[in-house]
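# Close look at the chain arrangement
Read off the chains here:
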Amino acid sequence: MQSESETSVRLRFAPSPTGYPHLGNIRTALFNWLFARHHGGKFILRIEDTDVARKVEGAVEVILDSLRWLGLKWDEGPYFQSQRLPIYREIAQRLIEEDHAYLCYCSPERLETMRREQAKRKQPPKYDRHCRDLTQHEKTQLEATGIAPVIRFKTPLEGKTTFYDLIHGPVTFKHDVLDDFILLKSDGYPTYHLANIVDDHLMFISHVLRGDEWLSSTPRHVLLYQALNWQAPQFAHLPMILGPDRAKLSKRHGAITITEYQRQGYLPDAMINFLTLLGWSLDDRTELLSQEELIKHFSLERVGKTAAIFNRDKLEWMNGVYLRKLSPGEFVRQAMPFLDRDLPESVERPLNSTYVNQVLSLIQERAKTLAEVSQLASFFFLEELKYDTGLLSSGKLAAEPAARTITIASQKLEEVTTWDATTLEDILRPLATELNLSAGALFGLLRVAVTGRTAAPPLFQTMAVLGKKKCLKRFDAALQLLSTYLS
RNA sequence: GCCCCCAUCGUCUAGAGGCCUAGGACAUCAGCCUUUCAAGCUGAAGACCAGGGGUUCGAAUCCCCUUGGGGGCACCA
């Protein structure tokens, strides 16, 4: 790390691999990234894997994949705290030597009963500082028992700590509401509080942007920086993203991980645009911003303080906007994997790319997500359509005229040699008048016969893409259906 | 229980004392366009700015209290 690091803008995203990242985690990463990019600074990735017990296998890869998918490139790292253990132990040791920390031999059981007592007496749960002032004799005795101690911070008994939060302004905590929190666990791993501040210092982090849930731990961190005689970074606590029940986002809300959004066919740019607007705004009207614009305009001054419930409808809308903005070629490129994944197995692979191009040109402005594409386009690919006869005729009475209409249309189309949308329209539109039907009634009927559904892309274009052979075959199938229905 | 944070339409938000009879977006509803759907366009409805006190000539904007919501108080992060 160069010496200029000490003065430059350096942000970090420091997730712990205890689960897969969700919207809240990623929004934090995004704001850090935006802030770093806006200031021409560095964005660093650090994995805080100090909780051996809760570590989730494969989580690190998912975190990296999520960031890569969104295009949040990091400039350094990933660093792993589990590979830096000696550093934390050394710092913890130093704190003991300088009388800012002490060894604690209290058993989890003792702590547990202590907390239960406190709860019973409606007292705040706080470590009672039992080991803070052990005599040398007591220390020696406890050491002899072989109990693995933890290292606790000697929180000042009196006074208060005030820090300036870039979003909240000055925030003050009295020391007596803090307790002697643990720095180093008995397994030799540091806790978040220790590892986090040690690394932020060693990695020259200039700004700490994290969720509001960390606000009340910040005085501990400030105290640690002071004890170590280090300069603290600037803090900015971002408003949280809440679940529909207004509670902190968690697995309970369907655990929608960021990779799940990818799977459901959301575009990274749409996600980024949407997520940035959760807590930040440019002005009173701008909703759609490119990454470049976001980077250009992002500032902490325009970050709000109120927690937000994320609104899936709006995300869908925005994704639709981004989908429509794609060039036809790019849309195909994006949608192809989804078609491959979701179209029924019966559809022959590989898909014909010329055909797919034609089909998707009719689908693009109708899809809100890429995952919807297969559903919207399936009838283009299936050999046989399955649908309710009721769609062709509302009741037996209408079945016969319906069959007659389809037969006539089918005969007319049989003769067509130039199978394109204009020709088809030129033939079928007059037919409606001829049969004394409204255009809507005729086209609606044919649409069901050709697509198996009542809502589909425009009929003539659809038929043009499907091709003559398939269309006529589907008319026959519809007639079959109607005849079985009549008999 | 204690501490901290927050408080504008259902949701995301604009608003940093007079521009606010509170603006935009999503969703909703209606109309237009139209062969259905989608898109687009137009319009409607939707917030007595949580409530109550102040300060001020004047408050959504400043202060206080209340209420509500959230977060934290682990050998989790």
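Everything numeric here is computed off the predicted structure, so don't read it as measured data.

Looking at RNA strand B, there are 65 residues lining it, with K185, S186, E365, R366 and R447 nearest. Each atom of RNA strand B within 4 Å of the protein was assigned to sugar, phosphate or base; sugar and phosphate come to 71%. Between RNA strand B and P125 there is a distance of 2.9 Å, counted from a sugar or linking oxygen to a backbone nitrogen or oxygen. Within the contact set of RNA strand B, a sugar or linking oxygen lies 3.0 Å away from a backbone nitrogen or oxygen of T454. The set of elements that each furnish at least two residues to the surface near RNA strand B consists of helix 4 (108-120), strand 5 (150-153), strand 7 (169-174), strand 12 (308-309), helix 11 (312-325), helix 17 (439-451) and helix 18 (459-466). Among the elements that take part in the surface near RNA strand B, helix 11 stands out by supplying four residues, more than any other. Within the surface near RNA strand B, the residues separate by chemical class into 29 nonpolar, 13 polar and 23 charged.

The next point concerns the layout of surface pockets. Reported here for the largest pocket is a volume of approximately 1,000 Å³. In this structure, the largest pocket is lined by 36 residues; those nearest its centre are S16, T18, N25, E213 and W214. Elements that contribute at least two residues to the lining of the largest pocket include exactly strand 1 (10-13), helix 1 (23-38) and strand 9 (207-211). The element that contributes the greatest number of residues to the lining of the largest pocket is helix 1, accounting for four residues. Counting contributing residues per domain, the lining of the largest pocket is built from domain 1 (4-83 + 241-312) and domain 2 (85-238), each supplying no fewer than three.

Pairing geometry for strand 6 (residues 160-165) and strand 7, over six bridges, is antiparallel. Among the inter-strand pairings, Y164 is bridged to a residue of strand 7, identified as P170. Connecting the antiparallel pair strand 6 and strand 7 is a turn made up of three residues.

One widely used convention gives an interface's size as the accessible area the parts lose upon coming together. Here chain A is described as being made up of domain 1 (4-83 + 241-312), domain 2 (85-238), domain 3 (326-381) and domain 4 (389-486). Spacing between the C-alpha centres of domain 1 and domain 3 amounts to 30 Å. Contact with domain 1, which involves six residues of that partner, is made by seven residues of domain 3. A combined buried area of about 470 Å² lies between domain 1 and domain 3, and 61% of that area is made up of carbon and sulfur atoms. Considering only the side of domain 1, the residues that lose the most area to domain 3 are R263, G265 and L267, jointly responsible for 71% of the buried surface there. Taken together, the links from domain 1 to domain 3 amount to zero salt bridges. The interface formed by domain 1 and domain 3 includes three residue pairs in polar contact (both at pLDDT 80 or more). Of the residues that constitute the side of domain 1 that touches domain 3, the class distribution is two nonpolar, three polar and one charged.

Attention now moves to the sheet that holds strand 3 (residues 76-80). One open sheet accounts for three strands, arranged 1-2-3; its pairing is parallel. The open sheet has two edge strands with one neighbour each: strand 1 and strand 3. For this sheet, the mean angle separating the axes of adjacent strands, direction not counted, is 25 degrees. Taken together, the four bridges between strand 1 and strand 2 (residues 42-47) define a ladder with parallel strand orientation. Bridging across to strand 2, R10 finds its partner in K42. Across the sheet, helix 2 (residues 59-70) touches strand 1, strand 2 and strand 3, and the angle it forms with strand 2 is around 160 degrees.

Turning our eyes to something else, we now look at the environment of P21. Topologically, P21 is positioned in the loop between strand 1 and helix 1. Given a relative accessible area of 5%, P21 falls into the buried group. Other than its neighbours up to four places away in sequence, P21 contacts I26, V62, I63, S66, T257 and I258.

Here G77 and P78 are connected by a cis peptide whose omega angle stands at 5 degrees. Tracing the chain through its elements places P78 in strand 3. The phi torsion at D99 lies on the positive side, around 65 degrees, for a residue other than glycine. You can see D99 is positioned in the loop between helix 3 (85-97) and strand 4 (101-104). Since its relative accessible area comes to 48%, D99 is described here as partly exposed. The phi dihedral of F204 is positive, around 55 degrees, even though this residue is not glycine.

About the criteria used
Residues numbered from 1 in each chain as written. Chains lettered and ligands numbered in written order. Predicted model: local features only at pLDDT ≥ 70, side-chain atom pairs only at ≥ 80, totals over all residues. Heavy atoms only, no water. Near = heavy atom within 4 Å. Polar contact = N/O pair within 3.5 Å; in protein donor to acceptor, adjacent residues only side chain to side chain. Helix = DSSP H or I, 4+ residues; strand = E, 2+ residues; numbered from the N terminus. Nonpolar A, V, L, I, M, F, W, Y, C, P; charged D, E, K, R; others polar. 1 Å grid on protein atoms, 1.4 Å probe; cavity = no way out; pocket = protein on both sides within 12 Å on 5 of 7 lines; lining within 4 Å. Points joined across faces, edges and corners; volume = space filled by probe spheres on them. Domains from an automatic or database assignment. Pairing = 2+ DSSP bridges. Contact = heavy atoms within 4.5 Å. Buried area = accessible area lost by both parts, 1.4 Å probe. Salt bridge = Lys/Arg side-chain N within 4 Å of Asp/Glu carboxyl O. Axes fitted to C-alpha atoms, helices over the stretch in contact; angles between N-to-C directions. Buried < 20%, exposed > 50% of the residue type's maximum accessible area, 1.4 Å probe, protein only.

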